[in-house]
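Close look at the chain arrangement
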Amino acid sequence: MNKRLIEKIVDSKDSYDSLALATIVDAKSSAPRDVGTSMIIYPDGETHGTIGGGNQEKEIINKATDLLADGKSGRICFSLTRKEAAKIGWVCGGDIEVYIENIEL
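On a predicted model such as this, the values are computed, not experimentally measured, just so you know.

1. Remarks on the pairing of strand β1 (residues 18-28)
By the bridge criterion, 10 bridges tie β1 to strand β5 (residues 94-104) in an arrangement that is antiparallel. In the sheet register, Ala-20 faces β5, and the bridge partner there is Asn-102. Taken together, the 4 bridges between β1 and strand β2 (residues 38-41) define a ladder with antiparallel strand orientation. Counterpart to Thr-23 in the pairing with β2 is Ser-38.

This is the structure we're talking about:
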């Protein structure tokens, strides 16, 4: 995780009680981002950073806000061929697994 993301998390404690940190924990083939790439998702759906964009990121944001509402953490996986990826806005196919951590501030 980079310094800027950590600073953003620390700065968020004045505005939020919790946030989600979504991190790519596994990536195979030509996934859009590398393992370790993270983004912040706030309970209202606002974000900071990106882990690939497109519809898969929208699904991650939705999953994160649901997990935050329940006070939980979780995982989400995507497995796409290049053709499937093109349909949802990915430039490349591949498999990714994202861990969504609920962080209490």
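2. Quick look at the pattern of salt bridges
Evaluated as defined, the whole model comprises 2 salt bridges. Close ionic contact of Lys-28 with Asp-26 constitutes a salt bridge, the shortest N to O distance being 2.7 Å. Of the residues examined, Lys-28 reaches a relative accessible area of 46% and is grouped as partly exposed. A salt bridge links Glu-97 to Arg-75; its shortest N-O distance comes to 2.9 Å. With Glu-97 in strand β5 and Arg-75 in strand β4 (residues 74-80), this residue pair connects regions lying 22 residues apart in the sequence.

3. Observations regarding the packing of aromatic side chains
What the rule picks out here adds up to 1 aromatic pair. Ring centres of Tyr-16 and Tyr-42 lie 4.4 Å apart, and the angle between their planes is 20°; this geometry places the pair in the stacked category. Here the residue Tyr-16 occupies a position in the loop between α1 (3-12) and β1, and Tyr-42 occupies one in the loop between β2 and β3 (47-48), the gap between them amounting to 26 residues.

Rules behind the numbers
- Residues numbered from 1 in each chain as written.
- Predicted model: local features only at pLDDT ≥ 70, side-chain atom pairs only at ≥ 80, totals over all residues.
- Heavy atoms only, no water.
- Pairing = 2+ DSSP bridges.
- Helix = DSSP H or I, 4+ residues; strand = E, 2+ residues; numbered from the N terminus.
- Salt bridge = Lys/Arg side-chain N within 4 Å of Asp/Glu carboxyl O.
- Buried < 20%, exposed > 50% of the residue type's maximum accessible area, 1.4 Å probe, protein only.
- Phe/Tyr/Trp six-rings, centres within 6.5 Å; stacked < 30°, edge-to-face > 60°.

What is shown is where atoms sit, not what they do.
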